[in-house]
Amino acid sequence: MSHADSAPADATSHGSAPADATSHGSAPADATSHAPAPHAAGVPRPETLAVHPPHVEITGSRPLGVPLHQGHVFAFDSADALATAFTSGDAFLYSRLGNPTVRTLEDAVARLEGGATALSFASGMGAVNAVLLGLVSSGDHVIAQSCVYGGTYAVLTDLAARWGVDVTYVSGTDPDEVRAALRPTTRLLYLETIANPTTRVSDLPVLAAVAAEAGVPVAVDNTFASPLLCRPLDHGADIVVHSATKYLAGHADVLGGLAVFKDPELYGRVRHHAVEQGASTDPFAAWLTLRGMQTLSLRMERQCASAADLAARLAAHPAVEAVRHPALASHPDREIAARLLPRGGGGVVSVDLAGGREAGRVFVEAVRLASLSVSLGDVKTLVMHPASTSHHQLDATALAAAGIGPGTVRISVGIEHVEDLWEDLEQALRKAA
Ligand SMILES: Cc1ncc(COP(=O)(O)O)c(C=O)c1O
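Here is what the cut-offs are and how they apply
Residues numbered from 1 in each chain as written. Predicted model: local features only at pLDDT ≥ 70, side-chain atom pairs only at ≥ 80, totals over all residues. Heavy atoms only, no water. Helix = DSSP H or I, 4+ residues; strand = E, 2+ residues; numbered from the N terminus. Near = heavy atom within 4 Å. Polar contact = N/O pair within 3.5 Å; in protein donor to acceptor, adjacent residues only side chain to side chain. Areas by Shrake-Rupley, 256 points an atom, 1.4 Å probe, with all protein chains shown as cover. Nonpolar A, V, L, I, M, F, W, Y, C, P; charged D, E, K, R; others polar. Pairing = 2+ DSSP bridges. Axes fitted to C-alpha atoms, helices over the stretch in contact; angles between N-to-C directions. Left-handed = near helix turned anticlockwise from the far one by under 90°. Contact = heavy atoms within 4.5 Å. Phe/Tyr/Trp six-rings, centres within 6.5 Å; stacked < 30°, edge-to-face > 60°. Buried < 20%, exposed > 50% of the residue type's maximum accessible area, 1.4 Å probe, protein only. Domains from an automatic or database assignment. Buried area = accessible area lost by both parts, 1.4 Å probe. Salt bridge = Lys/Arg side-chain N within 4 Å of Asp/Glu carboxyl O. pLDDT = per-residue confidence, 0-100. Core = buried A, V, L, I, M, F, W, Y, C linked by side-chain atoms within 4.5 Å.

Asks: When you look at unusual backbone geometry in this model, what are you seeing that I'm missing?
Replies: Excluding glycine, most residues fall at negative phi; most peptide bonds, likewise, are trans. Omega for the peptide link from N196 to P197 comes to 0 degrees, which places this bond in the cis form. Relative to the elements of secondary structure, P197 occurs in the loop between β4 (186–192) and α10 (204–213). Located in the positive-phi region is A252, a residue other than glycine, with phi close to 55 degrees. Relative to the helices and strands, A252 is located in the loop between β6 (239–243) and β7 (257–261).

Here it is as structure tokens:
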């Protein structure tokens, strides 16, 4: 029987309500019929039901996608169980200390990098800060590559100014330079696999061997290479740092960072600091990163191939003074790249335009398919001018030491068709010439 069939004729007629029910002046004959029904003992009331939805147990099947545990706090059945969870370091009780979706990301990236364990952060800078602040104290010494990411350089400069941490910058390719820089107070050698934006490639195994002789741990920012192209832990590093915002996540919709550890002792030291620092990952950000990572190998393959192709075409263009990409025979670290990056030189190409800073400005504004944007590693092609953006913290001397010229333009090659990209870059080069 339909609802219309069962309803009394007068109740469904909006125009003609029963006279007694709508008349405010005259109470219904039977007032007690509107009183709430007596509450059954033990049955939660609506206010309570609204905050305690039922738990659906899944049996006989399992979700194929990673479940999103967005909740920040977990409940326990006994006071003892909660007290034990507090000290175990592994249990889930409060998401700043650990969350199942975030843990899935940490385990996934630790496995990809060949590490024992990993920590996830709200951004790449969260990971960089946690590693530096976790391992370096006032009066210590750090050896860092001169062309580190601008934000990392800013943290090192701040540590030097406020904590008296001495930093010696090295090229990243010369073992004697690292040997000469070592001191009894050296606590860390900090490198990038492929440097931003120069695409210089660090000689990880050679430099890590020098640091190991001195008992100094090595941290490597592997953002540009991703574990698909290089696994620094296999080459002697102790910690790998990522801005997951870039290639790992890949879709310009999430900020994230990770630090992967070879050794549980270093993990413990950094974690101890990190949980108090509070730069933990939101579970949804971890979930988005995990979703993006499923296509990492396909994206990386296409981006490396297109970047190498475009780098070769750019190198032959009259408006271009110099091009740097690890796959080019002219690259200063070609031999190192051949050893460490056999699967490809990454998706970033750095270009010095013949017309200097003004040509760079015209070029980044003239692209149509590519976007003028400071990030990298995205499925879309992005172009930017490092001297005025990612490396604005560096003065002229530091910029020159990092190999960044006034007209250097960085191109992060996406997954679009390479011919469409070339048409776009070529028309922008014509305007910049
Ligand atoms: C090499 C490298 N490391 C670290 C970072 C910092 O990452 P995030 O922006 O996710 O904090 C960046 C950002 O561009 C980067 O390029």
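Asks: I keep staring at the site of the ligand and nothing clicks. Help me out?
Replies: Every one of the 13 residues lining the ligand counts as a neighbour, but G124, D221, S243, T245 and K246 are closest to it. At 2.8 Å from an oxygen atom of the ligand is found a main-chain nitrogen or oxygen belonging to G124. Within the side chain of N196, one N or O atom sits 3.3 Å away from an oxygen atom of the ligand. The protein chains hide 91% of the 390 Å² of surface that the ligand would expose on its own. A per-class count over the shell around the ligand returns 4 nonpolar, 7 polar and 2 charged.

Asks: Explain the sheet that holds strand β11 (residues 382–384) to me, please; I cannot follow it from the model alone.
Replies: Through backbone hydrogen bonds, the strands of a sheet pair up, either in parallel or in antiparallel fashion. Spatially, β8-β9-β12-β11-β10 is the arrangement adopted by the 5 strands of the open sheet, whose pairing is mixed. In this open sheet, the two edge strands, each paired with only one partner strand, are β8 (320–324) and β10 (371–372). In this structure, β8 lies alongside strand β9 (residues 348–353), joined through 4 bridges in antiparallel fashion. Residue R324 lies in a different strand from β9, and its bridge partner there is S350.

Asks: Where do I start with the packing of helix α7 (residues 124–135) against helix α12 (residues 264–277) in this structure?
Replies: Pairs of packed helices are described in terms of their axes, by the angle between the two and the distance that separates them. Interhelical geometry of α7 versus α12 gives an angle of 115 degrees and a closest axis separation of 8 Å. The hand of the α7/α12 crossing is right-handed. Of the residues in α12, those in contact with G126, N129, A130, V131, L133, G134 and L135 of α7 are L266, R269, V270, H273, A274 and Q277. Looking at the contact of α7 with α12 residue by residue, the classes come out as 7 nonpolar, 5 polar and 1 charged.

Asks: Can you walk me through the side chain of R299 in this structure?
Replies: If you trace the backbone, R299 turns up in helix α14 (residues 296–315). Polar contacts involving the side chain of R299 include one to the main-chain carbonyl oxygen of Y247, which spans 2.7 Å. When residues no more than four places from it in sequence are discounted, the contact partners of R299 are Y247, L248, A249, G250, H251, G292, M293, G377, V379 and I415.

Asks: Help me understand the packing of aromatic side chains, please; the structure alone is not making it clear to me.
Replies: Aromatic ring pairs are defined here through the distance separating the ring centres and the angle between the ring planes. One pass over the structure, following the stated rule, counts 4 aromatic pairs. Pairing F74 with F92 gives two aromatic rings, centres 6.1 Å apart and planes at 40 degrees, and the pair type is tilted. Note that F74 is positioned in the loop between α4 (46–51) and α5 (79–88) and F92 in the loop between α5 and α6 (100–113), a separation of 18 residues in sequence. Classification of F74 as partly exposed rests on a relative accessible area of 24%. Look at F261 and Y267: their rings are 5.7 Å apart centre to centre, the planes differ by 75 degrees, and that puts the pair in the edge-to-face class. Residue classification places F261 among the buried positions, given a relative accessible area of 0%.

Asks: I would appreciate a short explanation of the sheet that holds strand β2 (residues 141–145) in the present structure.
Replies: A sheet is described by the order of its strands in space; here 7 strands give the open sequence β1-β7-β6-β5-β4-β2-β3, paired in mixed fashion. Looking at which strands have only one partner, the edges of the open sheet turn out to be β1 (117–121) and β3 (166–170). The mean angle between the axes of side-by-side strands here comes to 20 degrees, regardless of whether they run parallel or antiparallel. Inspection of the sheet shows strand β5 (residues 218–221) paired to β6 by 3 bridges, in the parallel sense. Bridged to A219 within β6 is I239. Most of the contacts of α6 go to β1, to which it runs at about 130 degrees, and overall it touches β1, β6 and β7. Running over the sheet, α7 touches β1, β4, β5, β6 and β7 and is turned about 150 degrees from β6.

Asks: What is the right way to read the domain arrangement of the protein from this model?
Replies: Accessible area lost upon the coming together of the parts is a frequently used measure of interface size. Along its sequence, the protein is carved into domain 1 (79–294) and domain 2 (297–432). Relative to domain 2, the C-alpha centre of domain 1 lies at a distance of 25 Å. Of the roughly 3,100 Å² buried between domain 1 and domain 2, counting both surfaces, carbon and sulfur atoms make up 63%. Interface area lost by domain 1 to domain 2 is led by P197, L229 and Y247, which between them contribute 24%. Between the two partners, domain 1 and domain 2, sit 2 salt bridges. The residue D333 makes a salt bridge to R200 at a minimum N-O spacing of 2.6 Å.

Asks: What is the right way to look at the confidence of the model for the protein in this model?
Replies: Low pLDDT marks regions whose predicted coordinates should not be analysed in detail. Of the residues in the protein, 92% reach a pLDDT of 70 or more, and the chain-wide mean stands at 91. Across residues 1–29 the pLDDT falls below 50, and counting only partners more than four positions away or on other chains, this stretch makes 7 contacts in the model.

Asks: Looking at this structure, how should I read the nonpolar core?
Replies: One recurring pattern in soluble globular proteins: nonpolar side chains tend to sit buried together. By size, the foremost hydrophobic cluster in this structure holds 46 residues, and its most contacted members are L189, V218 and L341. The element that contributes the greatest number of residues to this core is α10, accounting for 5 residues. Here this core spans two domains, and each of domain 1 (79–294) and domain 2 (297–432) adds at least three residues to it. Listed in part, the 37 residues of the second largest apolar core include V128, L135, Y190 and V241.

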